[in-house]
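Single-letter residue listing:
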Amino acid sequence: RRHSFPMLRLLAVAALCLSCADAFSSSALPALCSSAKPHSSFRSTPSTSSLRMQEAETPSGLATSEGKYDAKRFYVRPDRLADITLAGLGLPLSLGFGAFAEGYGVSLEKDVEGEYAVLKAAGYALKEKSIVADFPRPAQPIELYEFQGCPFCAKVRYAAALLDLDILFKPSPRESKVNRPFVVEKGGKSQFPYMVDPNTGTEMYESADIIRYLYKNYGPGEDKAPELLTGPVMTFGAAFSLIPRAGKGSKKSADALDAPPAKPVTVWGYEASPFSKVVREALNELEVDHVWKSCARGSPKRQVLFDQTGGTMQLPYLEDDNTGTKMFESAEIVDYLRKTYSK
């Protein structure tokens, strides 16, 4: 049956959950315990030496003088541990959507130097595959007006991840000063998601219609659109998966700039990653337009990013042509965005 969930897929989802759990490693959990605050009358102050040690261990996410990046896979900055934990809690409810590209699979091959692999050992490499390279690609990014806390928007993001589509997201949270008013003016109602495809001149509301449209034009065909996504099942699944974050990314921050930056920022990430989610929340709350380079598991763009960064494949990764900034590390990216695009 099409897009059923056999044991292999469920095991893959479980493995992905465990990989996210790896983020809360022995280096992060003691930090959480040491940073836990007792009753205010017994509050202690960390020593200067411990603060310096924490700063020294925190990767900047930026390129070093040697051309490599100061980034640590699965590292969680102690003050962001709760955010990452909550962002990851909804993953099982998404049934793996947003994590894998269409036709996902793995193969064990001879290791080739310079090629990205999810795991390497004893001269062999475990490589992830998909069939998205066979799909038509849009010449220009599809524009999607939506916001992080909307389950209907999440379903379209799941479809975009499956199809490995780069999307120009136009965040439209409550209190939006630019994108939400545009949708009302253009489409006649404040309803989301709202898609604009500059390649065909198509504009539309309704998540199910958008998903079928994407599969028809940029995927294996409209009839292959997952019924779980177009129907009510994943509407509820997406809604429940968003509950742990309590509406983050649904309302524009009071201190966000009134106008978006001159150029959209570019973010390489994937929907299922809690590290990517917290970055998207910040982008939505600041109403910063961004091109999302979808890198779900099996995406060929993982190799592209690996080559572009000199051998680092970690998500999310931000490129901001407005300032020339390029960086890894979700916590540092969020700090950068709030410092750069707030009043």
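On a predicted model such as this, the values are computed, not experimentally measured, just so you know.

**Q** Can you help me understand the overall build of the chain in this one?
**A** When you go through the chain residue by residue, the secondary structure sums to twelve helices and eleven strands. A burial count over the chain gives 49% of its 343 residues as buried. Residue pairs in contact within the chain that sit at least 24 positions apart in sequence constitute 70% of those at least 6 positions apart. Accessible surface computed for the chain: about 16300 Å², of which carbon and sulfur atoms make up 57%.

**Q** It is not clear to me how the sheet that holds strand β3 (residues 124-129) should be interpreted in this structure. Could you clarify?
**A** Across the sheet, three strands lie side by side as β1-β3-β2; this open sheet has antiparallel pairing. A strand with exactly one partner marks an edge of an open sheet, and here the two such strands are β1 (105-110) and β2 (119-121). Between one strand axis and the next, the sheet turns by 25° as a mean value, whatever way the strands run. Relative to β3, β1 runs antiparallel, the two sharing six bridges. What sits directly across from glycine 105, in β3, is lysine 129.

**Q** Got a minute to help me understand helix α5 (residues 151-162) in this structure?
**A** Quick reminder: α-helices carry 3.6 residues per turn. Residues three or four places apart thus point the same way. With twelve residues, α5 extends 17 Å between its outermost C-alpha atoms, agreeing within 8% with the 16 Å of an ideal straight helix rising 1.5 Å per residue. For α5, the tally of buried residues reaches eleven of twelve residues, placing the bulk of the element in the interior. Considered for burial, the residues of α5 that qualify are Pro151, Cys153, Ala154, Lys155, Val156, Arg157, Tyr158, Ala159, Ala160, Ala161 and Leu162.

**Q** When you look at the sheet that holds strand β7 (residues 202-204) in this model, what are you seeing that I'm missing?
**A** Within a beta sheet, neighbouring strands are joined by backbone hydrogen bonds and run either parallel or antiparallel to one another. Judged by pairing direction, the sheet is mixed, and its eight strands sit side by side in the order β7-β6-β4-β5-β9-β8-β10-β11 without closing on themselves. Each having just a single partner strand, β7 and β11 (325-327) make up the two edges of the open sheet. The average undirected angle you get between the axes of adjacent strands in this sheet is 20°. Taken together, the three bridges between strand β5 (residues 167-171) and strand β9 (residues 290-294) define a ladder with antiparallel strand orientation. The residue bridging leucine 168 from the neighbouring strand is valine 291, located in β9. Strands β4 (142-146), β6 (194-197) and β7 of the sheet are contacted by helix α7 (residues 207-218), whose axis makes an angle of about 25° with β6. Lying over the sheet, helix α11 (residues 301-308) contacts β8 (265-269), β9 and β10 (317-320), oriented at roughly 115° with respect to β8.

**Q** Even after reading the chapter, I still don't get the side chain of serine 253, so can you show me in this structure?
**A** Mapped onto the secondary structure, serine 253 falls in the loop between α9 (233-242) and β8. Exposure remark for serine 253: the relative accessible area of 18% places this residue in the buried category. Residues contacting serine 253, with those up to four places away along its chain left out, are Glu285 and Arg338.

**Q** Is there a simple way to explain unusual backbone geometry in this structure?
**A** Keep in mind that most residues, glycine aside, have a negative phi and that most peptide bonds are trans. That bond from phenylalanine 192 to proline 193 is cis: its omega, 5°, falls within 30 degrees of zero. Tracing the backbone shows proline 193 in the loop between α6 (179-187) and β6. With an omega dihedral of 5°, the bond running from leucine 315 to proline 316 counts as a cis peptide bond. Here proline 316 is to be found in the loop between α11 and β10. Although it is not a glycine, glutamate 287 sits at a positive phi angle of roughly 50°. Structurally, glutamate 287 can be placed in the loop between α10 (274-285) and β9. Of note, the phi angle at glutamate 329 is positive, near 75°, even though the residue is not glycine. Glutamate 329 gets classed as buried once you look at its relative accessible area, which sits at 5%.

Analysis parameters
Residues numbered from 1 in each chain as written. Predicted model: local features only at pLDDT ≥ 70, side-chain atom pairs only at ≥ 80, totals over all residues. Heavy atoms only, no water. Helix = DSSP H or I, 4+ residues; strand = E, 2+ residues; numbered from the N terminus. Buried < 20%, exposed > 50% of the residue type's maximum accessible area, 1.4 Å probe, protein only. Contact = heavy atoms within 4.5 Å. Areas by Shrake-Rupley, 256 points an atom, 1.4 Å probe, with all protein chains shown as cover. Pairing = 2+ DSSP bridges. Axes fitted to C-alpha atoms, helices over the stretch in contact; angles between N-to-C directions. Expected span 1.5 Å × (residues − 1).

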